[in-house]
Amino acid sequence: MEKLIGNKRLKTAVFISGKGTNLLSLIKFSNTKKSPIKIDCVITDTSKAQGLKISKKYNIKSKIINYKKRNLAEKKILYFLNKNQIYFICLAGFMRVLTRNFINNYKGIILNIHPSLLPKYKGLNTHKRAIENNEKFSGCTVHFVNSKIDSGKIILQKKVKIAKKDNPETLSKKVLKQEHILYPKAINKILFNL
Ligand code: GRF
């Protein structure tokens, strides 16, 4: 890891499919003096990702990948990442599962943020399921990515209390607020041992 960083900040790609609020928090983090990463590009599987407006605003290049054929899509992404010497990937609401082949062929680090206290509630609709199960707490997790969905080694988690009146939307807002703090913290933890 040390070798990858050297004196330079790690060139990072953020993968998104939606709003990009985590993307925004990562950009803000990467623009701080002490950040170990530099957001070089944004990769998305859809031109409809609202987060593309954010990358544009901050002059970060973006690449829209046609995902009709997953293997081809992943090949294109790997080529793009290699060409741009990207050694760090932050998945931030990217709605595609990366294959084992992609993960094995990518030489850098891949992280993901998930809106639950893993290993609970892997996959989609985490807030709805947590509320339906009368959980007292939900939260978010940043973890390394392996080829099983939401299953890689956990780096950091943050608990969020579920209020009686919470619905999936209100809970999602509360958790997202914490996600924006947790992702940069997790990056510092693995790259600086903070
Ligand atoms: C977040 O809740 C993240 O945990 C999940 O997808 C959502 C993305 O939100 N993986 P945003 O696009 O960053 O606003």
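Placed above this text is the structure.
These notes cover the structure that comes with them. (Residues numbered from 1 in each chain as written. Predicted model: local features only at pLDDT ≥ 70, side-chain atom pairs only at ≥ 80, totals over all residues. Heavy atoms only, no water.)

1. Here we look at the site of the ligand
Lining the immediate surroundings of the ligand are K19, G20, T21, N22, G93, I113, H114, P115 and E179. Taking G20, its main chain carries an N or O atom lying 2.8 Å from an oxygen atom of the ligand. Here an oxygen atom of the ligand sits 2.8 Å away from a polar atom, N or O, in the side chain of E179. Starting from 360 Å² of accessible surface for the ligand in isolation, the protein chains cover 81%. (Near = heavy atom within 4 Å. Polar contact = N/O pair within 3.5 Å; in protein donor to acceptor, adjacent residues only side chain to side chain. Areas by Shrake-Rupley, 256 points an atom, 1.4 Å probe, with all protein chains shown as cover.)

2. Let's talk about the packing of aromatic side chains
Each pair of aromatic rings is reported with the distance of its centres and the angle of its planes. Under the definition given, this model contains 3 aromatic pairs. Plain terms: the ring middles of Y67 and F94 are 6.0 Å apart, the flat faces sit at 70 degrees to each other, and that makes the pair edge-to-face. Here Y67, found in the loop between β3 (61-64) and α4 (70-83), pairs with F94, found in the loop between β4 (88-91) and α5 (100-105); they are 27 residues apart in sequence, far enough to count as distant. Judged by its relative accessible area of 7%, Y67 is buried. For F94, a relative accessible area of 10% gives the class buried. Plain terms: the ring middles of F102 and Y106 are 6.2 Å apart, the flat faces sit at 15 degrees to each other, and that makes the pair stacked. Residue F102 is classed as buried on the basis of its relative accessible area, which comes to 0%. A relative accessible area of 7% places Y106 in the buried class. Put simply, the rings of F15, Y67 and F94 touch in pairs and so form one group of aromatic residues. Across the ring face of F137, the terminal group of K161 is positioned such that the distance to the ring centre comes to 5.6 Å. (Phe/Tyr/Trp six-rings, centres within 6.5 Å; stacked < 30°, edge-to-face > 60°. Helix = DSSP H or I, 4+ residues; strand = E, 2+ residues; numbered from the N terminus. Buried < 20%, exposed > 50% of the residue type's maximum accessible area, 1.4 Å probe, protein only. Lys NZ or Arg CZ within 6 Å of the ring centre and 35° of its normal.)

Treat this as a map of the structure, not an account of what it does.
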